[in-house]
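Breakdown of the fold
Next come the chains, spelled out residue by residue.
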Amino acid sequence: MTDVSARRPGVVELVVETADGSLPATAFSSLVGEPQVGDRVLLNTGALDLGLGTGGFALVVAVPDRLPPDADGPGHVVKARYTPLQVTVLAADEQGSPHHERLRDADNLGGMPVVVADLHSALAPVIAGIRDQRPDARVVYVMSDGGALPVWMSRAVGALREADWLSATVTVGQAFGGDVEAVTVHSGLLAARHVLGADVVVVTQGPGNLGTGTRWGFSGVASGEAVNATAVLAGRPVAAIRVSAVDPRPRHRGVSHHTLTALGRVALARSDVVLPVIDGEMGQVIRDACRPLAQRHRLVAVDIDGLAAVLAESPAPLSSMGRGFDEDPVYFLAGAAAGRHAASLL
C-alpha cells in the first residue's frame, strides 16, 4: 500500500502497488482493519478484471500483518453469510436488541410515505425533492441488498449524512453497516419508523445494479416487493420511475423496463407512481409508457418547477450510469419529483 486517497466512516480508499502497476483499492476497515502506508494487503481484483463501473477498484480482503481486533460486540444475526467475510451484527429486531420489545408486535407505519426507487443513484435526487417541500423532515434510507452489501460503499450516503440531508440508515437482508440493522425490508421499515423516528423513508438498493437484459433478471425487481412491504405495513408507497432520454439501450430509454416490470408485474399493492410534468416529446413518452400502470396504481403528475435548482445544491454528486444532470436531466428530475410528492403527504 503506497497512499491513502480518502477516508469515510467504515472505509479507507487507497492506492496499492502491484507487479502490474498501481491499483485503486477499497478497504472496509470494520472487516479487515485499518491499513496503513507500507502495509502488505491481499486483494480481490475481480471487479477490475470485469471492467465494472461502480465496482471499478480492487477490494482489500486482508491486511496480513495488521489484523483487525476480534469481534466482541453483541448480536447473533450473520450477514454476508457463509462467505469468508461474514459479519455478525446486532439487528434491531432480534431478541438481544434493546429495540426488540418495540418491534416485536409492530406492524404499522401509520401512513408514513415510503419512496421506492430502482437505482441507488436516485437516493440524492429523491431527498432533494423532499427537502424542497419539507427541509425539516427526518429522512431515513433503507438499503436493500440488490447492489453493494456494505453501506460504507456509498459516497452519496456519506455526503448526505455530513450535510444533514439524511438522518440515518437501515441496512436490511444481507446488506450491513447501517445505523440500524434489520433482517427484512419489513422489519427495516418498521425500525426506520419506530426506532429512528423517520418522517419519510427512501428504499433502494446499494451502489451497483445487476441487470441481464432479460425481463426478470435484474436486481431492481426488489423495488416492486418494497412497494408490497410498505402497503402491508400500512405505509404510503410512492414509486419513483427510472427514465432516461439518452440511454443507448432501448430497454432503458424512455421509461425503463425495470420500472414497468417491477410496478406492473411485481408490485401487487397500489402505489402513487410519480410522473414528472415534462413538456414535449419526452413527457408524452413517459405518459404513454406509464398509462398501463394505472390499472393498479395511482398515476400522479408532479410539477418540476424549481427542482433543477434544488438538485444543483445536492451535497452528493448526481450521477447515474456515468451520466450527470446535464447529460440526462430527466432521470434526476423524476427522482426529485417523487420526493416532492412524498413530502406533500406529510
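Presented here is an overview of the structure given in this document. None of the values given here were measured: they were computed from a predicted structure.

**What about the overall build of the protein chain?**
- Of the regular secondary structure elements, the protein chain holds 11 helices and 17 strands.
- Computed over its C-alpha atoms, the radius of gyration of the protein chain comes to 20 Å, within 12% of the 20 Å expected for a compact globule of 346 residues.
- Summarising its shape, the C-alpha atoms of the protein chain cover approximately 60 × 50 × 35 Å along the three principal directions.
- For the protein chain, the residues scored as buried account for 52% of the 346 residues in total.
- Counted over contacts in the protein chain with a minimum sequence separation of 6, partners at least 24 positions apart contribute 69%.
- Surface exposure of the protein chain reaches about 15,200 Å², of which carbon and sulfur atoms provide 51%.
- Taken as two groups, the 28 positive and 36 negative side-chain charges of the protein chain have centres that lie 7 Å from each other.

**Remarks on the pairing of strand β12 (residues 200-205)**
- Taking burial as the measure, the six residues of β12 include six buried ones, the bulk of the element.
- Every second residue of β12 is oriented toward a common face, with V200, V202 and T204 on one face and V201, V203 and Q205 on the other, all of them buried.
- Bridge count for strand β8 (residues 113-116) against β12 is three bridges, and the pairing is parallel. Following the sheet pairing, V114 is matched in β12 by V201.

**Section: the packing of helix α4 (residues 123-133) against helix α11 (residues 329-344)**
- Where α4 contacts α11, the two axes come as close as 6 Å, and the packing angle between them is 40°. When the axis of α4 is compared with that of α11, the two are oblique. α11 is crossed by α4, and the crossing has right-handed handedness. Facing P125, V126, G129, I130, D132 and Q133 of α4, the residues of α11 in contact are F332, G335, A336, G339, R340 and A343.
- The residue makeup of the contact of α4 with α11, split by class, is six nonpolar, four polar and two charged.

**A few points about the packing of aromatic side chains**
- Inspection of every chain in the model, using the stated rule, returns four aromatic pairs.
- Centroid distance F28 to W152: 5.9 Å. Interplanar angle 45°. Geometry classified as tilted. You can see F28 sitting in strand β3 (residues 21-28) and its partner W152 sitting in the loop between β9 (139-144) and α5 (155-162), a full 124 residues away along the chain. An identical accessibility class is assigned to F28 and W152; each is buried.
- Both rings, one in F325 and one in F332, keep their centres 6.3 Å apart while their planes meet at 40°; by these two values the pair is tilted.
- Taking the relative accessible area as the measure of exposure, F325 reaches 23% and is therefore partly exposed.
- Since its relative accessible area comes to 0%, F332 is described here as buried.
- Ring-pair connections join several aromatic residues into one group, and the members of that group are F28, W152 and F176.

**Describing the side chain of R8**
- The residue R8 is located in strand β1 (residues 3-8) in this model.
- Reaching out from R8, the side chain makes a polar contact with the backbone oxygen of M153 at a distance of 3.5 Å.
- Contact partners of R8, with chain neighbours within four places excluded, come to E13, W152, M153, S154 and R155.

**Some remarks on the sheet that holds strand β4 (residues 42-44)**
- On the basis of which strands lie adjacent, the open sheet formed by five strands has the order β1-β2-β3-β5-β4 and mixed pairing. The open sheet is flanked by β1 and β4, the only strands paired with a single partner. Across the sheet, the mean angle from the axis of one strand to that of its neighbour is 35°, orientation sign disregarded.
- Sheet analysis places β3 next to strand β5 (residues 58-62), joined by two bridges and oriented parallel. When the sheet's bridge partners are listed, T26 is paired in β5 with L59.

**A short note on the sheet that holds β12**
- The eight strands are arranged β11-β10-β9-β12-β8-β13-β16-β17 in an open sheet whose pairing can be described as parallel. Here the strands that pair on one side only, and so sit at the sheet edges, are β11 (180-181) and β17 (298-302).
- Taken together, the four bridges between β9 and strand β10 (residues 168-171) define a ladder with parallel strand orientation. Residue pairing in the sheet places V140 in a bridge with A168 of β10.
- Contacts between α4 and the sheet are confined to β8, β9 and β12, with β12 contributing the most and set at about 165° to the helix.

**Re the side chain of T259**
- Among the secondary structure elements, T259 is positioned in helix α8 (residues 257-266).
- One polar contact links the side chain of T259 to the main-chain amide nitrogen of R242, over a distance of 2.8 Å.
- When sequence neighbours within four positions are dropped, the list of residues in contact with T259 reads I241, R242 and G264.

**Focus on the nonpolar core**
- Counting residues in each nonpolar core, the largest one holds 110 residues, and the members touching the most others are V170, L189, V201, I241 and I286.
- It is α11 that contributes the most residues to this core, 10 residues altogether.
- For L189, the contacting residues outside a window of four places in its chain are L109, M112, V114, V142, V201, V203, A229, T230 and L233.

Quick notes on the rules
- Residues numbered from 1 in each chain as written.
- Predicted model: local features only at pLDDT ≥ 70, side-chain atom pairs only at ≥ 80, totals over all residues.
- Heavy atoms only, no water.
- Helix = DSSP H or I, 4+ residues; strand = E, 2+ residues; numbered from the N terminus.
- Rg over C-alpha atoms; globule rule 2.2 N^0.38 Å.
- Buried < 20%, exposed > 50% of the residue type's maximum accessible area, 1.4 Å probe, protein only.
- Contact = heavy atoms within 4.5 Å.
- Areas by Shrake-Rupley, 256 points an atom, 1.4 Å probe, with all protein chains shown as cover.
- Lys, Arg positive; Asp, Glu negative; His and termini not counted.
- Charge placed at Lys NZ, Arg CZ, Asp CG, Glu CD.
- Pairing = 2+ DSSP bridges.
- Axes fitted to C-alpha atoms, helices over the stretch in contact; angles between N-to-C directions.
- Parallel < 35°, antiparallel > 145°, perpendicular 65-115°, else oblique.
- Left-handed = near helix turned anticlockwise from the far one by under 90°.
- Nonpolar A, V, L, I, M, F, W, Y, C, P; charged D, E, K, R; others polar.
- Phe/Tyr/Trp six-rings, centres within 6.5 Å; stacked < 30°, edge-to-face > 60°.
- Polar contact = N/O pair within 3.5 Å; in protein donor to acceptor, adjacent residues only side chain to side chain.
- Core = buried A, V, L, I, M, F, W, Y, C linked by side-chain atoms within 4.5 Å.

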